[in-house]
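# Secondary and tertiary structure notes
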Amino acid sequence: MRKKLLVGLAFVAVIAASYPIWKPFAKRNKWFVITTNIGLDSLRRYGFSKEQIGQAAVISQPESQIPADVEKIQAIYGQYLRYAGWSSTDVAGKRVLELGPGFTIGVPLMFASDGASFVAGLDKFVRLQDGPYFVALYTRIRETLSDGQKAAFDRTISLQPKLWLNPQFAAYIDHKDLTDSVQQLGPGSFDMIVSNAVIEEIYDPTPVFKAQGELLRPGGVMVHRIDLRDYGMFSKYGFHPLEFLTVPDWIYRRMVESSGQPDRRLIDYYREVGARMGYQTEIYATKVLGSNADLPEPRRELRPGVDYSEQSLKMIAEIRPRLLERYRKLPDADLLVQSIVFVARKPVNQSAAN
């Protein structure tokens, strides 16, 4: 009975939120936003949706989008190499795993093209996309490669007569958690694990970091681009960008746990993760409070008057009294950081099991 009632309320909240008439009300009422998100999360919690909220199971885009997607894939791949301290030649013979590749496996294919011996993707929400758009996208990526890279690409993936991954060189796992896939992927078998805006969607990422530790070889590295913002949950309605840090934990959990919404781990959490794992850790700030644009250069330490302004500090002072206690205790420098790149290297003398 309780489950039916909760599901019914979820549907009512979702339907109500879809009507424009409610939007002005939402902008004034924090609890309307909370209720709507509880409703959306309940759809997955009770099995009415297996996909990420707001995301279709299959997509199709116009081919005019291909150049932009290719450029984005190449840029993200280049960033992974740079943060890891690798050159393209260092990729040869390595094994690489991407968490949450989403709708494209372009990044694993870039690693494969540079000679990675094995690439894998694991996504909790999205199956491998094999529609015409993705065949055209990967065909375009292949066209940008040298002859040697094309040979490595071709051994990894076939695009005709249908899209197919060669299991000797690639794998894709969908609708499973990383914590349940360690044995399938191979403990101590990966040299690099990467992700882009994925880790923040895991309500409790601590077991996921433990699983990565089990998968990485000694000397292996993880590189994660992590968004620390609210995904527009409150901010798109005009609320303070840190408003989501004021919601009590027991309520917030019902808003986000099953739907892949931000987990509210901030930069201090990732410092603790690196220290707890005993890894050499580097954390780079890429966005700051008060700006949606990336910093011109990622920063290990933010510079006052250069990377952020007095207005950003005023925004923090304005909301600090209403923040949950653990966030209220954080220094301004931590609350300023809105996205990061987390780089952690496993010591060469640490066993594969740790």
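Residues numbered from 1 in each chain as written. Predicted model: local features only at pLDDT ≥ 70, side-chain atom pairs only at ≥ 80, totals over all residues. Heavy atoms only, no water.

### Some points on the nonpolar core
- Among the nonpolar cores identified, the biggest contains 61 residues, and Leu97, Tyr270 and Phe342 are the most heavily contacted of them.
- Take this core: its biggest share by element is 5 residues, from helix H11 (residues 267-277).
- One finds Leu109, Ala116, Val135 and Leu137 within the second-largest nonpolar core, a separate group that totals 45 residues. (Core = buried A, V, L, I, M, F, W, Y, C linked by side-chain atoms within 4.5 Å. Buried < 20%, exposed > 50% of the residue type's maximum accessible area, 1.4 Å probe, protein only. Helix = DSSP H or I, 4+ residues; strand = E, 2+ residues; numbered from the N terminus.)

### What to know about the side chain of Asp41
- By the element assignment, Asp41 lies in helix H3 (residues 30-45).
- Not counting residues up to four positions away in its chain, the partners in contact with Asp41 are Arg253, Arg254, Met255, Val256, Glu257, Ser258 and Ser259. (Contact = heavy atoms within 4.5 Å.)

### Some remarks on the packing of aromatic side chains
- Going through the model one piece at a time under the given rule, you end up with 8 aromatic pairs.
- Ring pairing ties together the aromatic residues Phe209, Tyr269, Tyr270 and Phe342, which thus form one cluster.
- Residue placement shows Arg82 over the ring face of Tyr83; its charged tip is 5.3 Å from the ring centre.
- When the ring centre of Tyr203 is taken as reference, the NZ or CZ atom of Arg265 above it lies at 6.0 Å. (Phe/Tyr/Trp six-rings, centres within 6.5 Å; stacked < 30°, edge-to-face > 60°. Lys NZ or Arg CZ within 6 Å of the ring centre and 35° of its normal.)

### Examining the environment of Glu200
- By the secondary structure assignment, Glu200 is in the loop between strand S6 (190-196) and helix H9 (206-215).
- The class for Glu200 is buried, based on a relative accessible area of 1%.
- Taking the C-alpha atoms as reference points, Glu200 and Gly260, separated by 60 residues in sequence, lie 8.1 Å from one another.
- Beyond its immediate sequence surroundings of up to four residues, Glu200 is in contact with Arg225, Ile226, Asp227, Tyr231, Gln261, Pro262 and Asp263.
- Within the structure, the side chain of Glu200 is placed 3.4 Å from the backbone nitrogen of Asp227, a separation counted as a polar contact.
- A polar atom in the side chain of Glu200 sits 2.6 Å from the side chain of Tyr231. (Polar contact = N/O pair within 3.5 Å; in protein donor to acceptor, adjacent residues only side chain to side chain.)

### Topic: helix H12 (residues 310-319)
- Those residues of H12 that fall on the buried side of the exposure criterion are Ser312, Met315, Ile316 and Ile319. Down the axis of H12, the buried side of the element spans an arc of 95 degrees, and every buried residue falls inside it. Exposed and oriented more than 90 degrees from the buried face of H12 are Glu310, Lys314, Ala317 and Glu318. (Arc of directions from axis to C-beta.)

### Description of empty space enclosed by the protein
- The full count for this structure, using the stated rule, is 3 cavities of 30 Å³ or more.
- One number sums up the size of the largest cavity: a volume of about 60 Å³.
- Forming the boundary of the largest cavity are Ile105, Pro108, Leu109, Val119, Ala120, Gly121, Thr156, Leu165, Ala170, Ala171 and Tyr172.
- Class assignment of the residues belonging to the lining of the largest cavity gives a composition of 9 nonpolar, 2 polar and no charged.
- If you add up the space inside the second largest cavity, you get close to 40 Å³.
- Residue lining of the second largest cavity: Leu228, Leu242, Phe244, Leu245, Leu266, Asp334, Leu335, Val337 and Gln338, and that is the complete set.
- Among the secondary structure elements, those contributing two or more residues to the lining of the second largest cavity are helix H14 (332-336) and strand S9 (337-345). (1 Å grid on protein atoms, 1.4 Å probe; cavity = no way out; pocket = protein on both sides within 12 Å on 5 of 7 lines; lining within 4 Å. Points joined across faces, edges and corners; volume = space filled by probe spheres on them. Nonpolar A, V, L, I, M, F, W, Y, C, P; charged D, E, K, R; others polar.)

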